[in-house]
Amino acid sequence: MLFVNTQQIRCGKPYFCAVRKQKPPVILEKVLVEDYAAEGKSLARVNGKVIFLEHTVPGDIVDVQLGKSKKDWAEGRPIRFHQYSPDRVNPFCTHFGVCGGCQWQHLPYAKQLGYKQQQVLDNLTRIGKVALPEMPPIIGADVTQGYRNKIEYTFATQRYIPTDEFRKMKESGTFPESDKVAGFHARGFFDKVVEIDTCHLQEEPTNAIRKAIVAFAEQHHAPFYDIRQHQGWLRNIIIRIATTGELMVNLVLGYEQRSLREQLLDHLLQLFPQITTLLYTINSKHNDSIHDLKPEVYHGPGYIIEQLEDFRFKISPKSFFQTNTRQAEKLYQVTRAFAALTGKEVLYDLYCGTGSIGIFCSKGAAKIVGVELIADAIEDAKLNAAFNGIQHSYFTAGDVINICDDAFFATHGKPDVLITDPPRAGMHEKLVNKLLEISAPTVVYVSCNPATQARDLALLDEKYAVTRMQPVDMFPHTHHIENVVQLKLR
C-alpha cells in the first residue's frame, strides 16, 4: 500500500512512502495456565503450541494477547482473568508486580519450593541427559523475608510509571517532567527507577536509612542523579547487615561536595548509631559499578564481620559474599558433606571468591587450594584464612586453565576433591576439559543456574557419574535456585 506524504517533497515531487498495514493483535480466550517454565514464567498449551506467560499462576484461566509467535511456541501476556488459581495468595509487598524483584509472592512458599525442585530435575534430565540418583527434597529457608545481607538502592530523577498509571496520565495530558525517586532499577529500563516505600528483602533499618537520605536531600536541595544526562550528586546507597548485628552503609555520590557530604554522613550516624562502618564512594563514571573505585572510610573499621557456623569473615565494601547468610550456611553444609573429607585430602576450590567455601570445609582437608580470577577477592580470601587461624591454605589469582599444570601440582599436590562454584554462565568448555584432564576422584559442582550446570554435566559425563544432588533455595519468592551435585570418577 502506498500513500502520498504531502508534507515531504523531494526535488519538487511528492515523496511516496510504503506503509505496512498493521495486523490486529491475536487474542486467545479462556486459556488455562498449566505449569511453570524456566525463569519464573508460566506456560499454557493451545492447539499444540506452548505459550509462555508472565504474571500468571498455574490454575489461572486468562485471555492472552500474543506477542512473539513461532511455529511451536509463543510469548503472551494476560489481558483478562476469568478465574484465579486456588493456589494464589495475597502478596505481602505493595510493590509486587511493579518492582519485579520477588516474582513469586503470589504463590505459597511450599508451592514455590515444589516448582523449583521440578525446575532442577527438568534441567538435569532434558539438558544434561545423564543418569541421575534420586533427588532428595529441596532445602527451604526458615526465614523468607528480610533474608538479604546486602541491598543496593538507586537515587534517580526518572520514576518508572506502571502501565495503568501511564494510561491515566496520557488521558489527562499530565506527565511529570522529573522526579526525585529512590528504589530499584525497573526491569528492562536502564534509566527508570521504581519508587520503593517498604522493601521486605532486608531487615530494618534498611528502609529507614533510605528514607532519611531522601528527606535530607530534599531539605538541602541536593540533586538526585540523572542517569541519562550523567549529572547529579546522590547516586546509590549500599547497605550490608550481618547476622552478627554489624551494619555497613556505603553512600555513592556523583562528585565530591565535602561540606554537604559530611553533613549527610553525620546526620546518618546521629539517626542510626547502630551503623558500625560508614563509607562514601565518589563515582563520576557512567556506570554504577564501584569495583574499580575506592570507598573511603568515614566511621568505623571499614568492614563488618559475618559468621557461618564458627567461622568468621571480614566483609569489605567490595567483597563478594553469599547474599543470604542463613541459607549459605545450609548450602555450604551440603557442599562439605558431598566433599566427604576425612582429613587427608587436598581440596581445590575453584571460583573461590573470598574463600568462604574452602574455609568452611577446612577442618576436613589436609590442604586447601583456592583459585579465583579476581585478585582483590584472593586478598580477601587470604585475610579470611588468617582471621580464622587456617594455616593449611593457599589462595592464588588467575585462570585455572593456565595455573593448574604439572609444576603447580608438584608444589601443591593434585586435588583429591575439587569444588567448583561458577557464575550463572557456568564453566567455560576449556575449563570442563581441564577438569577432565585433572581427573580428581570427587568433584562437587555448586550452581546458581541448573540449566548451565546440566550442560556442563553432559560434558563431564565422559569421565564422571552423578552420585548425589541437592537443591537449596537461597532466594524465597524468586525463581532462582541453587543446586549441588556430587560427581565421582568412573
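Shown above is the structure to which this text applies.
Just so we're clear, the structure is a prediction, and the values are computed from it rather than from any experiment. (Residues numbered from 1 in each chain as written. Predicted model: local features only at pLDDT ≥ 70, side-chain atom pairs only at ≥ 80, totals over all residues. Heavy atoms only, no water.)

## Here's the deal with the layout of surface pockets
Its volume calculated, the second largest pocket comes out at about 1,200 Å³. Taken together, 34 residues form the lining of the second largest pocket, with E54, H55, P78, G97 and V98 sitting closest to its centre. For the lining of the second largest pocket, the secondary structure elements donating two or more residues are β6 (49–53), β8 (73–83) and α2 (163–172). Per-class residue counts for the lining of the second largest pocket are 14 nonpolar, 10 polar and 10 charged. (1 Å grid on protein atoms, 1.4 Å probe; cavity = no way out; pocket = protein on both sides within 12 Å on 5 of 7 lines; lining within 4 Å. Points joined across faces, edges and corners; volume = space filled by probe spheres on them. Helix = DSSP H or I, 4+ residues; strand = E, 2+ residues; numbered from the N terminus. Nonpolar A, V, L, I, M, F, W, Y, C, P; charged D, E, K, R; others polar.)

## Examining the packing of aromatic side chains
Taken as a whole, this structure holds 14 aromatic pairs when the rule is applied. Ring geometry for Y36 against W104: centres 4.8 Å apart, planes inclined by 45°, an arrangement best described as tilted. One end of the pair, Y36, is in strand β4 (residues 35–36); the other, W104, is in the loop between β8 and α1 (109–128), and 68 residues separate them in sequence. An aromatic cluster is defined as three or more aromatic residues linked by ring pairs; in this entry it consists of Y348, Y394, F408 and F409. Its end group placed over the ring of Y225, R235 keeps NZ or CZ at 3.9 Å from the ring centre. In this structure, K414 packs its charged tip against the face of F409, placed 5.6 Å from the ring centre. (Phe/Tyr/Trp six-rings, centres within 6.5 Å; stacked < 30°, edge-to-face > 60°. Lys NZ or Arg CZ within 6 Å of the ring centre and 35° of its normal.)

## Some thoughts on α1
Compared with the 28 Å implied by 1.5 Å per residue over 20 residues, the 27 Å span of α1 between its first and last C-alpha is a close match. Here α1 has its buried residues at Y109, Q112, L113, Y115, K116, Q117, Q119, V120, N123, L124 and G128. Looking at the packing, one finds that the buried side of α1 touches β4, α11 (450–460), β23 (464–472) and β24 (482–489). (Expected span 1.5 Å × (residues − 1). Buried < 20%, exposed > 50% of the residue type's maximum accessible area, 1.4 Å probe, protein only. Contact = heavy atoms within 4.5 Å.)

## Some points on the nonpolar core
Soluble globular proteins tend to bury their nonpolar side chains together. Membership of the largest hydrophobic core comes to 75 residues, with the highest contact counts inside it found for I213, L234 and L268. Excluding residues that lie within four positions of it along the chain, L234 makes contacts with F155, I213, A217, P223, F224, Y225, L251, V252, L253 and L264. By size, the runner-up hydrophobic cluster in this structure holds 37 residues, among which are V130, M135, V400 and M469. (Core = buried A, V, L, I, M, F, W, Y, C linked by side-chain atoms within 4.5 Å.)

## Regarding the pattern of salt bridges
Enumeration according to the criterion identifies 21 salt bridges in this entry. When the shortest N-O distance is used, the salt bridge between D473 and K116 registers 2.6 Å. On the criterion of sequence distance, the pair formed by D473 in the loop between β23 and β24 and K116 in helix α1 is long-range, its members being 357 residues apart. Grouping residues by exposure puts D473 and K116 together as buried. For D197, the salt bridge goes to K211, with nearest N and O atoms at 3.1 Å. With a gap of 14 residues between them, D197 in the loop between β11 (193–195) and α3 (206–219) and K211 in helix α3 connect regions that are remote in the sequence. K211 gets classed as partly exposed once you look at its relative accessible area, which sits at 38%. One salt-bridge network, held together by shared partners, links D191, K192 and R228. (Salt bridge = Lys/Arg side-chain N within 4 Å of Asp/Glu carboxyl O.)

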